[in-house]
Amino acid sequence: SMSGIQSLIKASGPISKPLPVPKLPPLRLEGHDVPPVAELYGEAPTSVGFPGGEREALRRLRAVCADAGYVCAFEKPKT
């Protein structure tokens, strides 16, 4: 109950002040630049292979659920 919570808070005493923010030196990273995409792939990848959006996701879900054999044989991945 609310009165029980209030009595617990009163019993614990006043809230202590927060600790000061620690002083940290600036972070310096040199030689760890992100390489350009062309360096990672032979050609730049495209994003046209996987359509998105809720409507598309629901269409794919209906298609998968319509396959009774797949649904019945589905097993959760062992993670």
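Thresholds, definitions, all that
- Residues numbered from 1 in each chain as written.
- Predicted model: local features only at pLDDT ≥ 70, side-chain atom pairs only at ≥ 80, totals over all residues.
- Heavy atoms only, no water.
- Helix = DSSP H or I, 4+ residues; strand = E, 2+ residues; numbered from the N terminus.
- Rg over C-alpha atoms; globule rule 2.2 N^0.38 Å.
- Buried < 20%, exposed > 50% of the residue type's maximum accessible area, 1.4 Å probe, protein only.
- Areas by Shrake-Rupley, 256 points an atom, 1.4 Å probe, with all protein chains shown as cover.
- Lys, Arg positive; Asp, Glu negative; His and termini not counted.
- Charge placed at Lys NZ, Arg CZ, Asp CG, Glu CD.
- Phe/Tyr/Trp six-rings, centres within 6.5 Å; stacked < 30°, edge-to-face > 60°.
- Salt bridge = Lys/Arg side-chain N within 4 Å of Asp/Glu carboxyl O.
- Patch = residues over 30% accessible without salt bridge, like charges linked within 9 Å, V, L, I, M, F, W, Y side chains within 5 Å.

Draft legend 1. Region of interest: the overall build of the protein chain. On a plain count of helices and strands, the protein chain comes out with four helices and zero strands. In sequence order, the protein chain lays out its α and β elements as α-α-α-α. A globule of 79 residues ought to have a C-alpha radius of gyration of about 12 Å, yet the protein chain, at 28 Å, is considerably larger. Along the first, second and third principal axes, the C-alpha set of the protein chain runs to 60 × 50 × 30 Å. Burial status across the protein chain gives 1% buried among its 79 residues. Only carbon and sulfur atoms are counted for the fraction: they give 64% of the accessible area of the protein chain, which is about 8400 Å². Taking the 10 positively charged and 8 negatively charged side chains of the protein chain as two groups, their mean positions are separated by 18 Å.

Draft legend 2. Structural detail: the packing of aromatic side chains. In this structure the tally under the stated criterion is one aromatic pair. Here the aromatic rings of Tyr70 and Phe74 are separated by 5.9 Å at their centres, their planes lie at 55°, and the arrangement is tilted. Accessibility expressed as a relative area gives 42% for Tyr70, which makes it partly exposed.

Draft legend 3. Structural detail: helix 1 (residues 2–12). Helix 1 sits mainly on the outside: zero of its eleven residues count as buried. Of the residues flanking the end of helix 1, it is Gly13, one or two places downstream, whose phi is positive at about 90°.

Draft legend 4. Representation of the environment of Cys65 within the structure. With respect to the secondary-structure elements, Cys65 resides in helix 3 (residues 54–65). Expressed as a C-alpha distance, the spacing of Cys65 and Arg55, which sit ten residues apart in the sequence, is 15 Å.

Draft legend 5. The pattern of salt bridges, seen in detail. Applying the stated criterion across every chain yields a total of three salt bridges. With a shortest N-O distance of 2.6 Å, Arg59 and Glu56 are connected by a salt bridge. Residue Arg59 and its partner Glu56 are both found in helix 3; the two are separated by three residues, about one turn of the helix. A relative accessible area of 17% means that Glu56 is categorised as buried.

Draft legend 6. Broad picture of a nonpolar patch on the surface. Together, Val64, Tyr70, Val71 and Phe74 line one region of the surface with nonpolar side chains, adding up to about 370 Å² of accessible area. As for its position among the elements, Tyr70 is in helix 4 (residues 68–73).

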